[in-house]
Amino acid sequence: DKAPLSKSLLLIPSAISILLTLLFQHYQKFFAYNLQAIKEDFQIWRLVCGRTVCLDLKDTFCSSLLIYNFRIFERRYGSRKFSSFLLGAWMLSALFDLLLVELAQYIFGFTINSLPSGFLGPVFALFVPFYCSIPRVQVTQVLGHFSITNKTLVYILGLQLLTSGSYIWILALSGLISGICYNSSILKVHQILCVPSWVAKIFSWTLEPIFSSAEPTNEIRVGMGATVDIQRQQRMELLDRQIMMSQVAQMRRQRQQQGGMINWNRLFPPLRHRHNANYQDHRPSDQETPPPTEVSEEQVARLMEMGFSRGDALEALRASNNDLNVATNFLLQH
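Residues numbered from 1 in each chain as written. Predicted model: local features only at pLDDT ≥ 70, side-chain atom pairs only at ≥ 80, totals over all residues. Heavy atoms only, no water.

The chain is annotated in an unreviewed UniProt entry as Ubiquitin-associated domain-containing protein 2 of Casuarius casuarius. Taken from UniProt, the Subcellular location (unreviewed entry) comment for the chain reads in full: "Membrane". (UniProt positions renumbered as here; feature names shortened; annotations may be inferred.)

*Asks:* Any details on the overall build of the chain? Residues and values, ideally.
*Replies:* Looking only at helices and strands, one finds 19 helices and 4 strands in the chain. The buried share of the chain, taken over its 334 residues, is 35%. Long-range contacts, defined here as pairs at least 24 residues apart, represent 69% of the contacts in the chain between residues at least 6 apart. Counting every atom, the chain has about 20,700 Å² of accessible surface; 60% of that belongs to carbon and sulfur. (Helix = DSSP H or I, 4+ residues; strand = E, 2+ residues; numbered from the N terminus. Buried < 20%, exposed > 50% of the residue type's maximum accessible area, 1.4 Å probe, protein only. Contact = heavy atoms within 4.5 Å. Areas by Shrake-Rupley, 256 points an atom, 1.4 Å probe, with all protein chains shown as cover.)

*Asks:* Lay out the UniProt feature "transmembrane region" (unreviewed entry) in the chain in plain terms, naming residues and giving numbers.
*Replies:* Mapped onto the present numbering, the UniProt feature "transmembrane region" (unreviewed entry) falls at residues 6-24, 85-108, 114-132 and 153-177. Between the first and last C-alpha atoms of residues 85-108 the distance is 32 Å; the span itself is 100% helix and 0% strand.

*Asks:* How would you explain the nonpolar core if you had to name every residue and give the values?
*Replies:* In this structure, Leu 66, Phe 70, Phe 73 and Leu 115 are the most contacted members of the largest nonpolar core, which totals 44 residues. The set of elements that each furnish at least two residues to this core consists of helix H2 (35-40), helix H4 (57-69), helix H5 (71-77), helix H6 (79-108), helix H7 (120-125), helix H8 (127-133), helix H9 (152-162) and helix H10 (168-183). With 10 residues, the top contributor of residues to this core is H6. Beyond its immediate chain neighbours, meaning those up to four positions away, Leu 66 contacts Val 123, Phe 127, Val 154, Leu 157, Gly 158 and Leu 161. Counting 12 residues, the second largest nonpolar core, distinct from the first, contains Val 295, Met 306, Leu 314 and Leu 331. (Core = buried A, V, L, I, M, F, W, Y, C linked by side-chain atoms within 4.5 Å.)

*Asks:* How would you sum up H6? Please name residues and give values.
*Replies:* With 30 residues, H6 extends 41 Å from end C-alpha to end C-alpha; this agrees with the ideal 44 Å at 1.5 Å per step. Of the residues one or two after H6, Gly 109 is the one with positive phi, at around 80°. (Expected span 1.5 Å × (residues − 1).)

*Asks:* Talk me through a nonpolar patch on the surface; I want residue IDs and the actual numbers.
*Replies:* There is a patch of nonpolar side chains on the surface, built from Ile 18, Leu 19, Leu 22, Leu 23, Phe 24, Tyr 27, Phe 30, Trp 45 and Leu 57 and spanning about 860 Å² of accessible area. Top contributing element to the nonpolar patch by residue count: helix H1 (residues 4-22), with 3 residues. Mapped onto the elements, Leu 57 comes out in helix H4. (Patch = residues over 30% accessible without salt bridge, like charges linked within 9 Å, V, L, I, M, F, W, Y side chains within 5 Å. Salt bridge = Lys/Arg side-chain N within 4 Å of Asp/Glu carboxyl O.)

*Asks:* Tell me about the environment of Phe 146, and please be specific about residues and values.
*Replies:* Looking at the element boundaries, Phe 146 is found in strand E4 (residues 146-149). In this view, Phe 146 contacts Thr 140 and Gln 141; residues no more than four positions away in its chain are not counted.

*Asks:* Which residues make up the packing of H1 against H6, and what values go with them?
*Replies:* Between H1 and H6, the least distance of the axes is 9 Å, while the angle of their chain directions is 45°. Here H1 lies oblique to H6, going by the angle between them. On H6, the residues touching Pro 4, Leu 5, Ser 6 and Leu 9 of H1 are Ser 79, Phe 82, Ser 83 and Leu 86. (Axes fitted to C-alpha atoms, helices over the stretch in contact; angles between N-to-C directions. Parallel < 35°, antiparallel > 145°, perpendicular 65-115°, else oblique.)

*Asks:* Can you explain H1? Please cite residues and give values.
*Replies:* For H1, which comprises 19 residues, the first-to-last C-alpha distance of 27 Å matches the rise-based estimate of 27 Å (1.5 Å per residue) to within 8%. Of the residues making up H1, those classed as buried are Pro 4, Ser 6, Ser 8, Leu 9, Pro 13, Ser 14, Ser 17, Leu 20 and Thr 21. Buried residues in H1 make contact with H4, H5, H6 and helix H13 (208-211).

Below, the structure written as structure tokens:
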């Protein structure tokens, strides 16, 4: 939802790549990223065909997963700014591809006639804003030393894509350089290589209705966070609220069947035993009896909104030392 450009980049090149691999293999030569044909025969059209569709299904799969993870930038910046970044990175990476090939031939002495095909330069360029603007949140640790974060899987996918071909490191390096150049405010590349507003309006009128997704109708609408982790946290909080309200409804039905009474001896047995022991001794002292805990009326009201009676809410808050979470757990579980 709210990422039509990412959806189109995920579906159209992947579908063409699968069709070329399975059904139309004799047309793959038109989508080869042949640098020799570009420089010697001036087949400039290969810069478009060869740098859009992957001819290797492994590269198609990895780049599609990366585009799916990078859809967060389209949601954050908007489709026009996101498409401007992809256009600028695509044009700059094409230039850096030729420069790096010539540099490799000049330094190492080997000739590179072709590079892996696909929309790989802009995909690697997206790692620059991903590294700079997406916060790093630790999820867990492996063997007590290696941290697993919310960005680890994306980096692993990038590493897998980097090791899938012999000369794909040139595309990765040119993509990273183009991403740095476009993301840098010093060079002002984003002001030159951008999608005009009238072009963005045309695509929004024609293609956006095709690739746009409807909002979910069977879920409660929540605010959309700026990062994947915030969105995941919002979904978890929504799920927690739904589970809690379901438990509250179940407990209310059980209490109605049992006459509306709660067995507080099961909730706080140490408190009850101590209370009975004081009565058996018939020597209650002011020093041994703790002062009653002041209960917040706001927390009582919150518990009553969940369906509990005022007496049960007061008893739970006093026994839990005015801790709303502990009192709620006791009321729900017993």
